[in-house]
Amino acid sequence: MDAFRYPLEQIRDKCDLVEIVSAHVALRRAGRAFVGLCPFHNEKTPSFHVNPERQIWKCFGCGEGGDVFKFVQKMDNLTFPQAVEQLAKNVGVTIERSERAAREYSDRERILRANNVACAFFRSELAGSEKAKDYLSKRGLSDDIIDRYKLGYAPDGWDGLANHLQQQRIEVADAVKAGLLVPRESSTGFYDRFRDRLIFPIVDPSERIIAFGGRSFGDEQPKYLNSPESALFAKNKTLYGLNIARKAIPGENRAIVVEGYMDVITAQSAGFTNTVATMGTALTEEHVTVISRFTTNVVLAFDSDSAGMQAALRGAPIFEQAGFAVRILSMPKGEDPDSLLRGGDVSRFTELLDRALPIPDYRIKLALSGHDLETDEGKTAALREAIDVLAEVDSAVERERLVRFLAKYHPNFSTGTTLAEDHIRGEVSRRKSRRARKGAAPAGRAATPDQQPAQAISPVQRWERLLLGIILFSRADASKVFDVLSPKEFTGEQTRALAEALSRQYSELGKIDQEDLRDRVADSPAEGLLLDLLMGLDENELNHPLDDVIQRVMADKSNQRQARLRELAPKISDGTIKGGDPEFDEYWRLAHESSFGPLGR
Ligand SMILES: [Zn+2]
């Protein structure tokens with residue numbers, strides 16, 4: 001009902017769609033429109049258009065489109081009234097609210113208000129704390145920088161913030177949802193989550209304070225404490241510093257990813273504005289998707305300790321799989337971006353950026369640095385490790401380049417380059433065929449060393465596989481899943497066959513039994529897939545939220561269907577496909593599913 005009273009026209013007139021979209025998508029002008037990479041589906045060539053005159057947007061890739069309300073609604077995952085409220089507030093239009101509407105004022109707004117009040121509190125506490133000011137100035141942070149990043153201090157004690165929030169009439173429930181207060185376990189009441197910590201507000205691309213990071217001064221653990229997840233804050237897609245970096249990344253056509261808040265602040269302040277950090281979690285596909293809206297070039301500048309190197313080696317392939325050109329910066333021992341740049345000298349960091357290495361080169365460098373290359377034993381051991389890396393490089397050109405580089409470290413190098421190179425090439429191909437055998441069928445079955453590489457799996461099938469894995473390890477109720485997504489609807493031959501076997505087994509036995517299942521699928525298309533899942537799924541993957549997996553299968557299926565429809569539509573209209581052709585029937589079946597089917601939008 002309240003929606004009818006919203007002054008929609010007035011709000012829409014005051015909003016600049018191009019500006020609002022630009023907070024999330026790098027747009028460039030193309031004639032009278034602006035184009036960029038769609039934030040709602042994965043793409044490499046821009047099909048997302050914004051028309052500034054009509055204040056509408058449309059993606060020709062996934063078909064989404066609408067006005068400014070629709071954009072904010074989808075982008076921030078809001079209901080229509082929430083989107084209207086948010087935009088109205090940003091452009092200063094007051095909305096008369098009924099008592100009921102006021103009560104239902106969204107969680108997000110309430111959390112945001114609590115965060116804003118808390119941020120102001122932390123900032124004024126910083127102004128009064130010699131200890132905190134001292135600490136920041138020792139780390140080279142000027143007052144300007146402190147203001148720019150809204151840095152603050154959470155005082156020692158249990159209820160400094162709690163009392164302040166009460167004075168400011170922030171409801172306790174909201175402060176708890178925001179993660180600022182924590183309910184006491186032993187008695188009633190609440191206490192401050194952040195105590196005696198330096199506070200880094202986490203600001204999203206729309207300049208909203210969505211969470212806080214708190215750093216301890218001494219050795220208190222944890223060194224970094226973040227707000228818990230909330231309606232506003234999802235760790236796996238939040239990047240610290242993106243509100244500033246998003247303006248610089250498209251121009252530089254490169255993002256620098258670092259580990260900590262201080263690294264971001266120091267790097268951005270030294271002029272490397274295209275720097276962001278994950279929120280104390282490992283890099284996720286979601287982080288990569290966020291960055292891919294601005295660039296597909298990335299440099300990972302992680303700490304020089306082994307945790308940092310491991311994090312870089314785990315993160316780099318995620319970028320690579322998303323089509324990024326990835327380089328890893330080799331950080332000198334004991335350094336991080338903050339320590340390198342703190343003195344204000346940008347030349348060393350610039351040089352290290354320029355010398356950042358592709359993934360295999362970086363791994364080889366690590367292998368070489370772990371051994372004493374003055375001795376033949378050291379050289380041989382280093383070579384053995386490096387050859388393992390080489391065996392995993394798919395491109396023959398790349399492999400050849402690295403063979404030539406490695407030959408220098410071969411004990412026979414002095415007697416003949418070709419000999420050393422040939423020896424390395426031989427070792428690499430031996431290693432490669434061993435890997436191929438291992439990756440093929442298990443022992444006892446005919447294993448062909450020169451097997452075709454595994455067939456490419458479409459995104460929807462990747463999620464279908466995970467979904468089946470979750471059922472297979474009894475992490476979800478099979479009947480519930482198959483009620484939503486029937487086995488017939490799985491898109492791959494293998495996944496469909498396994499889904500059918502799982503569903504049949506569940507209805508016959510009332511449970512999933514892995515042994516029994518292996519008998520059931522022997523010699524069927526599902527056999528290989530079942531083995532893959534039994535061997536290859538790890539705990540992390542199995543703990544992926546079920547709802548999310550189902551949703552992704554659905555969304556990817558719908559994308560696939562849309563793509564096929566777009567492919568067939570012109571042929572239907574120009575008469576290449578006529579009634580009676582199988583493709584004609586397919587078109588109408590897909591069209592029907594897409595508007596009425598269980599998966600239709
Ligand atoms: Zn799209």
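Fair warning: this is a prediction, and the values are worked out from it, not measured in the lab.

Rules of the game
- Residues numbered from 1 in each chain as written.
- Predicted model: local features only at pLDDT ≥ 70, side-chain atom pairs only at ≥ 80, totals over all residues.
- Heavy atoms only, no water.
- Buried < 20%, exposed > 50% of the residue type's maximum accessible area, 1.4 Å probe, protein only.
- Helix = DSSP H or I, 4+ residues; strand = E, 2+ residues; numbered from the N terminus.
- Pairing = 2+ DSSP bridges.
- Contact = heavy atoms within 4.5 Å.
- Axes fitted to C-alpha atoms, helices over the stretch in contact; angles between N-to-C directions.
- Polar contact = N/O pair within 3.5 Å; in protein donor to acceptor, adjacent residues only side chain to side chain.
- Phe/Tyr/Trp six-rings, centres within 6.5 Å; stacked < 30°, edge-to-face > 60°.
- Lys NZ or Arg CZ within 6 Å of the ring centre and 35° of its normal.
- Donors = N, O, S within 2.8 Å, 3.2 Å for Na, K, Ca; no water.
- Tetrahedral: all angles 85-135°; square planar, octahedral: opposite > 155°, others 65-115°.

### Quick notes on the pairing of strand S3 (residues 48–51)
Here is step 1 of the chain: Only one face of S3 is covered, namely the face carrying Phe48 and Val50; the face carrying His49 and Asn51 is uncovered.
Here is step 2 of the chain: Taken together, the 3 bridges between strand S2 (residues 33–36) and S3 define a ladder with antiparallel strand orientation. Following the sheet pairing, Val35 is matched in S3 by His49.
Here is step 3 of the chain: Note that S3 and strand S4 (residues 56–59) share 4 bridges and pair antiparallel. Bridged to Val50 within S4 is Trp57.
Here is step 4 of the chain: Between S3 and S4, which pair antiparallel in sequence order, lie 4 residues; one of them, Gln55, sits at a positive phi of approximately 55°.

### Topic: helix H13 (residues 285–292)
Here is step 1 of the chain: Among the 8 residues of H13, 6 are classified as buried, and the element is accordingly described as predominantly covered.
Here is step 2 of the chain: Within the sequence span of H13, burial applies to Glu286, His287, Val288, Val290, Ile291 and Ser292.
Here is step 3 of the chain: Contact partners of the buried residues in H13: strand S12 (239–240), helix H11 (242–252), strand S13 (255–258), strand S14 (275–278), helix H14 (306–321) and helix H27 (546–573).

### Quick look at the sheet that holds strand S9 (residues 197–203)
Here is step 1 of the chain: Here 4 strands make up an open sheet; going across it, the order is S6-S9-S10-S11 and the pairing antiparallel. Each edge of the sheet is formed by a strand with only one pairing partner; in this case those strands are strand S6 (152–154) and strand S11 (224–226). Each strand of the sheet is rotated relative to its neighbour by a mean of 35°, with strand direction disregarded.
Here is step 2 of the chain: As paired strands, strand S10 (residues 209–216) and S11 are joined by 3 bridges and run antiparallel to one another.

### Things to note about unusual backbone geometry
Here is step 1 of the chain: Of note, the bond from Gln221 into Pro222 is cis; its omega dihedral lies within 30 degrees of zero at -10°.
Here is step 2 of the chain: Relative to the helices and strands, Pro222 is located in the loop between S10 and S11.
Here is step 3 of the chain: The backbone of Lys150 shows a phi angle near 55°, a positive value even though the residue is not glycine.
Here is step 4 of the chain: Position of Lys150 among the secondary structure elements: in the loop between helix H8 (143–148) and S6.
Here is step 5 of the chain: You will see that Glu207, though not glycine, has its phi angle at about 65°, which is positive.
Here is step 6 of the chain: In this structure, Glu207 sits in the loop between S9 and S10.
Here is step 7 of the chain: Residue classification places Glu207 among the partly exposed positions, given a relative accessible area of 39%.

### Thoughts on the side chain of Asp67
Here is step 1 of the chain: Turning to its location among the elements, Asp67 is positioned in the loop between strand S5 (65–66) and helix H3 (68–75).
Here is step 2 of the chain: Among the polar contacts made by the side chain of Asp67, one reaches the side chain of Arg12 at a distance of 3.1 Å.
Here is step 3 of the chain: At 3.0 Å, the side chain of Asp67 and the backbone nitrogen of Lys70 are in polar contact.
Here is step 4 of the chain: The residues touching Asp67, leaving out its near neighbours within four places in the chain, are Arg12, Gln55 and Trp57.

### Quick notes on the packing of aromatic side chains
Here is step 1 of the chain: Tallied over the entire structure, the rule returns 23 aromatic pairs.
Here is step 2 of the chain: Between Trp57 and Phe71, the ring centres sit 5.7 Å apart and the planes meet at 80°, which makes this aromatic pair edge-to-face. Taken together, the positions of Trp57 in strand S4 and Phe71 in helix H3 put the pair 14 residues apart, joining distant regions of the chain. As far as burial versus exposure is concerned, Trp57 and Phe71 are alike and both buried.
Here is step 3 of the chain: Consider the rings of Phe319 and Phe324, whose centres lie 4.8 Å apart with planes at 70°: the pair is edge-to-face.
Here is step 4 of the chain: Site record: aromatic cluster; members linked through ring pairs are Phe40, Phe48, Trp57 and Phe71.
Here is step 5 of the chain: The aromatic ring of Phe40 is capped on one face by Lys74, whose charged end is 4.9 Å from the ring centroid.

### As for the coordination of the zinc ion
Here is step 1 of the chain: Taken together, Cys38 (SG), His41 (ND1), Cys59 (SG) and Cys62 (SG) make up the protein donors of the zinc ion, found 2.1 to 2.3 Å from the metal.
Here is step 2 of the chain: Here the zinc ion binds 4 donor atoms, and the angle range of 99 to 120° at the metal identifies the geometry as tetrahedral.
Here is step 3 of the chain: Here the donor residues for the zinc ion map to a single chain with the spacing C-x2-H-x17-C-x2-C. Taken together, the residues Cys38 in the loop between S2 and S3 and Cys59 in strand S4 connect sequence positions 21 residues apart. The pair Cys38 / Cys59 is uniform in exposure class, with both members buried.

### Some words on the pairing of S2
Here is step 1 of the chain: The two faces of S2 match: Ala33 and Val35 on one face and Phe34 and Gly36 on the other face are all buried.
Here is step 2 of the chain: Where strand S1 (residues 28–30) lies against S2, 3 bridges are found, and the strand directions are antiparallel. Looking at S2, one finds that Arg28 is bridged to Val35.
Here is step 3 of the chain: Between the end of S1 and the start of S2, which pair antiparallel, lie 2 residues, with Gly31 showing a positive phi angle near 65°.

That's the geometry; what it means functionally is another story.
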